[in-house]
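These are the residues of each chain, in order.
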Amino acid sequence: MSATAPGEAAVRALYAQRGLGGRLAPGSSPVVLVVDLINGFTDPDCPPGSALDTVVAANRTLLDAARAVGTPVVFTTIAFAADGIEGAVWLRKMPAMKVLLDGTPWVEVDARLGRTENEPVVVKRAASAFANTGLTTLLATFGADSVIITGATTSGCVRATAVDACAAGYPAFVVSDCVGDRAAGPHEASLFDIDAKYGDVVGLEEALGLLPDAPPVPPTGGVAP
């Protein structure tokens with residue numbers, strides 16, 4: 001940021017003055033949508049991956065709370081066919097993702113999240129979880145009136161999903177503790193932009209309070225062995 005650029009507080013004040021950054025009303029039937037917390041994104045040894053251990057741990061806390069009260073959980077993964085035809089333009093921009101092939105361990109949901117067999121995995125080949133997938137049908141099946149969004153990366157698939165959730169008429173609540181990126185700058189800028197235009201950015205404690213009949217906030221988070 002240049003020396004003459006306004007600080008975040010000044011930008012927020014300007015946005016508020018101009019009518020940006022309104023607040024959304026929480027729904028009574030949310031779905032927790034975990035975007036692309038797959039091995040290929042949570043393992044820094046994978047080309048598109050990064051160290052997201054704290055994000056995974058925070059997600060596990062939220063997911064266990066959601067499961068305890070029966071709130072539906074939906075996961076997404078990015079998995080390309082070997083021919084690379086669908087998603088070819090994206091792969092030209094991000095050739096690192098060529099390792100995310102159908103049937104490989106990289107496209108599996110990180111086991112530390114404790115996914116159960118009744119928690120669907122939406123396969124996508126674009127940034128948004130809504131793009132050419134069955135997510136909208138799943139949300140309708142669950143009777144969802146809002147989405148609690150977590151995952152990776154904040155500046156990519158999380159942001160794209162929040163934008164499309166807004167377009168589809170679902171109030172979106174992006175959990176800042178439960179999303180991550182490869183670098184701090186894109187992460188922070190994207191959270192700011194989402195909060196100003198497309199959804200509410202909330203902390204983990206507030207997200208736990210969005211769950212219907214949510215139990216008390218646990219003192220510590222945890223990751224399954």
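Going by the annotation in an unreviewed UniProt entry, the name recorded for the protein is N-carbamoylsarcosine amidohydrolase, with Streptomyces hyderabadensis given as the source organism.

**A closer look at the UniProt feature "domain: Isochorismatase-like" (unreviewed entry) in the protein**
With numbering aligned to this structure, UniProt lists the feature "domain: Isochorismatase-like" (unreviewed entry) at residues 31–205. Here residues 31–205 runs as 37% helix and 19% strand, with 17 Å between its end C-alpha atoms.

**Some details on the pairing of strand E1 (residues 30–35)**
Counting buried residues along E1, 6 of its 6 residues qualify, which places the element largely inside the surrounding structure. Where burial is concerned, the two faces of E1 agree: the one with Pro30, Val32 and Val34 and the one with Val31, Leu33 and Val35 are both buried. Of the pairings in the sheet, the one linking E1 to strand E4 (residues 146–152) comprises 6 bridges and is parallel in character. Residue pairing across strands places Val32 opposite Ile148, the latter belonging to E4. Direction of pairing for E1 relative to strand E2 (residues 73–78): parallel, over a ladder of 4 bridges. Across the sheet, the residue bridging to Val32 is Val73, located in E2.

**Here we look at the packing of aromatic side chains**
Tallied over the full model, the rule gives 2 aromatic pairs. Between Phe80 and Trp90, the aromatic rings sit 6.2 Å apart at their centres with planes inclined by 70°, giving edge-to-face as the arrangement. Here Phe80, found in the loop between E2 and helix H4 (88–93), pairs with Trp90, found in helix H4; they are 10 residues apart in sequence, far enough to count as distant. On the basis of relative accessible area, Phe80 is assigned to the buried category, the value being 1%.

**Overview of unusual backbone geometry**
Note the cis peptide between Ala152 and Thr153, where omega equals -10°. Here Thr153 lies in the loop between E4 and helix H6 (154–168). In this structure, Asp36 is a non-glycine residue whose phi angle is positive, near 60°. Mapped onto the elements, Asp36 comes out in the loop between E1 and helix H2 (39–42). Even without glycine at this site, Asn132 takes up a positive phi of about 55°. Relative to the elements of secondary structure, Asn132 occurs in the loop between strand E3 (121–124) and helix H5 (135–141).

**Some points on the environment of Asp200**
Here Asp200 lies in strand E6 (residues 200–202). For Asp200 and Gly156, which are 44 residues apart along the polypeptide, the C-alpha to C-alpha distance reads 17 Å. Non-local contacts of Asp200, meaning those with residues more than four positions away in its chain, are made with Gly22, Arg23, Leu24, Ala172, Phe173, Val174 and Asp195.

**Looking at the pattern of salt bridges**
Scanning the model with the defined rule gives 14 salt bridges in all. Across the pair Asp200 and Arg23 runs a salt bridge whose closest N-O atoms are separated by 3.7 Å. Taken together, the residues Asp200 in strand E6 and Arg23 in the loop between helix H1 (8–18) and E1 connect sequence positions 177 residues apart. The class of Asp200 is buried, set by a relative accessible area of 5%. Taking the shortest distance from any N to any O, the salt bridge between Asp102 and Arg125 comes out at 2.9 Å.

**Things to note about the sheet that holds E1**
By definition, the strands of a sheet pair up through backbone hydrogen bonds, in either a parallel or an antiparallel sense. The strand order E3-E2-E1-E4-E5-E6 describes an open sheet built from 6 strands, whose pairing is parallel. Two strands close off the open sheet at either side, each with one partner strand: E3 and E6. With direction set aside, neighbouring strand axes in the sheet form an average angle of 25°. Across the sheet, helix H3 (residues 53–69) lies against E1, E2, E4 and strand E5 (172–180), angled at about 135° from E5, the strand it touches most.

**Brief notes about the environment of Leu52**
When you line up the elements, Leu52 lands in the loop between H2 and H3. Considering only alpha carbons, one finds Leu52 and Thr42, 10 residues apart in sequence, at a separation of 5.4 Å. Setting aside chain neighbours within four positions, we find Leu52 in contact with Leu37, Phe41, Thr42, Ala152, Gly180 and Asp181.

What counts and what doesn't
- Residues numbered from 1 in each chain as written.
- Predicted model: local features only at pLDDT ≥ 70, side-chain atom pairs only at ≥ 80, totals over all residues.
- Heavy atoms only, no water.
- UniProt positions renumbered as here; feature names shortened; annotations may be inferred.
- Helix = DSSP H or I, 4+ residues; strand = E, 2+ residues; numbered from the N terminus.
- Buried < 20%, exposed > 50% of the residue type's maximum accessible area, 1.4 Å probe, protein only.
- Pairing = 2+ DSSP bridges.
- Phe/Tyr/Trp six-rings, centres within 6.5 Å; stacked < 30°, edge-to-face > 60°.
- Contact = heavy atoms within 4.5 Å.
- Salt bridge = Lys/Arg side-chain N within 4 Å of Asp/Glu carboxyl O.
- Axes fitted to C-alpha atoms, helices over the stretch in contact; angles between N-to-C directions.

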